[in-house]
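Results of the structural survey
One-letter residues, chain by chain:
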Amino acid sequence: MDERLDLEVAVVGGGFGGLGMGVALKKAGIDSFVILEQGGDVGGVWRENTYPGCSCDIPSHLYSFSFAPYRSARTRYPGQEQILSYLRGVARDYGLREHLRVHTAVAEATYRENIARWELTTDAGQRILADILVFAVGQLHRPHIPDIPGRDGFAGAAFHSASWDHGQDLRGRDVAVIGTGSSAGQLLPEIAAVARKVTVYQRTPHWVLPKPSAEFGRISRWVLRTPGAHRLYRQALYYGADITLAPIMHRGWSARPAQWMARTHLRRRISDPRLRAALTPDYPIGSKRIVFDSRYYAALGRENVELVTDPIARISDNGIETGDGTHRHADVIVWATGFRAPEFLAPMSVRGRGGRLLHEEWSAGAEAFLGLAVPGYPSAFLIAGPNSFNPAGSNPGMKERQIAYIMECLRWRAEVEAAAIEVSGDAMRQYRQWLERAIAKTVWPSTGASWYKHHSGRVTNPWPASARTFARMLRRSPAEAFVAVPAKVPAATPLPIHYHKSTRATTTPTAF
Ligand code: NAP
């Protein structure tokens, strides 16, 4: 395709992060941008994940943008369709459709030092030039399907939870579910209700906390429609999660009560002591993402559901054989085996100054200043980058903080009239020291593998402190951490002139 686009900003990804970025650009009066989306519509993981029972375990009033509140939510927790239609509504209401390029997958992004701009190449060969590049591809979108012997010889249907095959009627069939994380927890009750038999293959039990009742009463719904009450409720959820859930990750005050609650939930739902023992984790709560679900255990207790804890040895053409030699028949295999979350930005090839290749620099695990910028990659930003997943609250909120910071970066760049800006090596070093100290206090370094960790053992995905700490750190001026990067040849394209001037004080760098 011989098409070239020349823009101020290129945003990659049309989920919560990309749409939030688009709204922020519009509000700042910047119209010269595209949102490049590899799928056929906006929505990100909420478009991709359509498995039965797919919903969000964070209350909808918190799991939304602050500028586009859910005012008519019937249920406390939004379903997949509800979130997807919310995101489509945001795209429509904020005029983002005209900026959206669907079925456009970015293959390469290269910083052109002579003009201080990014050049993007799509799978279809289209070229895009932009002053600013924002990756908003999220962390949980590349399915992980383990390479178990015999996997490709299975004769039945096999699909990942995030690529559900709706053409498969599971009624009366034998279904194998591999994995027991949040996705498995949500889909199991639905498929167990229709399948002849469901065999759940568990490698490690997860800690499971129950969710409060899902439906709002009429009066609550009416009250929550008023902006003041809505705001108060959202604030209560935000602080509530931050004060009670975030300390779990550091073995703080709430870890023991949370573990006690999870054990009580298990005891109440599972009466068989052997099944209960098999479902009891032997690692501290918070080491893996906590499963918030009130239906999972009940589904495991059904007569047509079997929990298998012997490791899978191989997959045959018609079932799964475990290490003890038992073969169980399966018509369908559901891979609820999670995502390749530590492989940030893969499979894109991202080249910064001096031709450096980001995935080589990240070979022992990704890192980015505040999860959003990397030295050597001028004017490139990430939303939901390394160590910015909040395991104890709402991630749209984390993304909004990063977007506000990126907008400050753009304003500062215009203010100092820089061709490009880049986080300094010093700021990155100070941040890395702070991050390492914060991670060392969490349960993650000393516990087993999960999608929070790179295979090198480095904790690359979750944020190791409270959401309030994140907010505080992102309120600082970019002038404290970023430096101007000139173009090697004076830029041919004039700098944008319509950014608002930053009202923030320019101060000297301070340690984190
Ligand atoms: P996950 O939490 O990573 O769970 C993957 C499961 O697959 C684990 O039980 C894992 O076992 C198992 N597994 C992986 N490789 C295996 C192998 N080779 N053999 C046997 N078992 C294997 O994935 P997920 O359930 O899709 O959830 C991912 C994240 O998505 C969640 O943590 C959450 O952040 C997000 N999510 C959120 C919601 C929501 O409501 N907000 C809903 C769904 C998902 P091990 O534990 O032993 O590795």
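Since the model is a prediction, treat every value here as computed from it, not as a measurement. All chains use their own residue numbering, which begins from 1 and follows the written sequence. At least 70 in pLDDT is required for a residue's local features to be given in this predicted model, at least 80 for side-chain atom pairs to be given and counted, and no such filter applies to totals for whole chains, interfaces and linings, which use all residues. Each side-chain value is derived from all of the structure's non-hydrogen atoms; neither hydrogens nor water enter the calculation.

Around the ligand, the structure places 25 residues, and the nearest of them are D57, S183, T204, K288 and W451. The backbone of T180 places a nitrogen or oxygen atom 2.9 Å from an oxygen atom of the ligand. By the criterion applied in these results, polar contacts are pairs of N or O atoms within 3.5 Å in which, for protein atoms, one can donate a hydrogen and the other can accept it, and in which residues neighboring in sequence qualify only through two side-chain atoms. Here K288 contributes a side-chain N or O atom positioned 2.9 Å from an oxygen atom of the ligand. About the coverage of the ligand: the protein hides 88% of its 910 Å² of free accessible area. Only runs of H or I of at least four residues qualify as helices and only runs of E of at least two qualify as strands under DSSP, and these elements are numbered from the N terminus. Sort the elements by how many residues they give to the shell around the ligand and helix α4 (residues 182-192) lands first, with 3 residues. Each residue gets one label: Ala, Val, Leu, Ile, Met, Phe, Trp, Tyr, Cys and Pro are nonpolar, Asp, Glu, Lys and Arg are charged, and the others, such as Gly, are polar. Looking at the shell around the ligand residue by residue, the classes come out as 9 nonpolar, 12 polar and 4 charged. When residues of the shell around the ligand are assigned to domains, at least three fall in each of domain 1 (4-142 + 341-485) and domain 2 (151-335). When we say a residue is near a molecule or strand, we mean one of its heavy atoms is within 4 Å of it. Throughout, the Shrake-Rupley method with a 1.4 Å probe supplies accessible areas, and for residues the shown protein chains are the sole cover considered. Domain delimitation follows an automatic or database domain assignment.

Turning next to the packing of aromatic side chains. Aromatic rings from Phe, Tyr and Trp, taking only the six-membered ring of Trp, are treated as a pair when their centres fall within 6.5 Å; an angle between ring planes under 30 degrees marks them as stacked, one over 60 as edge-to-face, and anything in between as tilted. Counting across every chain of the model gives 24 aromatic pairs. Ring plane angle 75 degrees and centroid distance 4.8 Å describe the contact between F389 and W451, whose orientation is recorded as edge-to-face. Of the two residues, F389 sits in the loop between β18 (380-382) and α11 (395-415) while W451 sits in the loop between α12 (425-440) and α13 (467-473), which places them 62 residues apart along the sequence. A residue is classified by how much of its surface remains accessible, and W451, at 22% relative accessible area, is partly exposed. Taken together through their ring pairs, the aromatic side chains of F369, F381, Y405, Y431, W434, W463, F470 and F482 make up a single cluster. Relative accessible area decides the class of each residue, using a 1.4 Å probe on protein chains only: under 20% of the type maximum gives buried, over 50% gives exposed, and in between gives partly exposed.

Here the focus is the domain arrangement of the protein chain. Under the domain assignment used here, the protein chain contains domain 1 (4-142 + 341-485) and domain 2 (151-335). In this structure, domain 1 and domain 2 have C-alpha centres spaced 28 Å apart. Only heavy atoms matter for contacts: two residues are in contact if any of them lie within 4.5 Å across the pair. Taken together, the 48 residues of domain 1 in the interface contact 42 residues of domain 2. Simply put, the buried area is the total loss of 1.4 Å probe accessible area from both parts when two parts are fitted together. Taken together, the two surfaces of domain 1 and domain 2 that pack against each other cover about 4,000 Å², and 53% of this comes from carbon and sulfur. Salt bridges are counted wherever a side-chain nitrogen of Lys or Arg sits within 4 Å of a carboxyl oxygen of Asp or Glu. Connecting domain 1 to domain 2 are 3 salt bridges. Where D242 meets R468, a salt bridge forms, and the shortest distance between an N and an O atom there is 2.6 Å. Counting the contacts that link domain 1 with domain 2 gives 14 residue pairs in polar contact (both at pLDDT 80 or more). For the side of domain 1 that touches domain 2, the element with the most residues is α13, which contributes 3 residues. By residue class, the composition of the side of domain 1 that touches domain 2 is 24 nonpolar, 15 polar and 9 charged.

Turning our attention to the pairing of strand β19 (residues 420-423). Side chains on a regular strand alternate between the two faces of the sheet. By the alternation rule, side chains of β19 split into A420 and E422 and I421 and V423, which are all buried. In this sheet, strand β20 (residues 482-485) lies alongside β19 in antiparallel orientation, the contact comprising 4 bridges. Bridging across to β20, A420 finds its partner in V485. Whether two strands pair comes down to DSSP finding at least two bridges between them.

What follows is about the pattern of salt bridges. One pass over the full model with this rule turns up 29 salt bridges. Residues E400 and R234 are paired through a salt bridge, measuring 3.9 Å at the closest nitrogen-oxygen approach. Here E400 is found in helix α11, whereas its partner R234 is found in helix α6 (residues 227-244), with 166 residues between them in sequence. For R234, a relative accessible area of 14% puts it in the buried group. Two residues, E408 and R411, come together in a salt bridge whose shortest N-O distance is 3.0 Å. In this pair, E408 and R411 are both assigned in helix α11, 3 residues apart and thus about one turn of the helix distant. Residues E408 and R411 agree in their burial class; the two are buried.

Judged by pairing direction, the sheet is antiparallel, and its 3 strands sit side by side in the order β13-β14-β15 without closing on themselves. With one partner strand each, in any of the chains shown, β13 (312-316) and β15 (327-329) form the two edges of the open sheet. Neighbour to neighbour, the strand axes of the sheet diverge by 25 degrees on average, direction disregarded. Pairing of β13 with strand β14 (residues 319-322), which is carried by 4 bridges, proceeds in the antiparallel orientation. Across the sheet, I315 pairs through a bridge with I320, a residue of β14. Think of each axis as a best-fit line through the C-alpha atoms, taken over the contacting stretch in the case of a helix, with angles from 0 to 180 degrees between the N-to-C directions.

Here the focus is the side chain of S183. Checked against the element boundaries, S183 lands in helix α4. If we ignore the near neighbours within four places in the chain, the residues touching S183 are Y51 and S161.

Helical periodicity: at 3.6 residues per turn, an α-helix aligns residues three or four positions apart in one direction. Expected span of a helix: the number of residues minus one, times 1.5 Å. The terminal C-alpha atoms of α12, which comprises 16 residues, lie 22 Å apart, in line with the 22 Å expected from a rise of 1.5 Å per residue. Every buried residue belonging to α12 is among A427, M428, Y431, W434, L435, A438 and I439, and all of these are buried. Down the axis of α12, the buried side of the element spans an arc of 130 degrees, and every buried residue falls inside it. Exposed residues lying more than 90 degrees from the buried face of α12 are E436 and A440. The directions considered for the arc are those from the helix axis to the C-beta atoms.

Here we come to unusual backbone geometry. With an omega dihedral of 5 degrees, the bond running from A346 to P347 counts as a cis peptide bond. Among the structural elements, P347 can be located in the loop between β16 (332-335) and β17 (349-351). The backbone phi angle of L345 is positive, close to 70 degrees, even though this residue is not glycine. The residue L345 is located in the loop between β16 and β17 in this model. Here the phi dihedral of S379 falls at roughly 55 degrees; this positive angle occurs in a residue that is not glycine. Here S379 lies in the loop between α10 (358-361) and β18. A relative accessible area of 1% means that S379 is categorised as buried.

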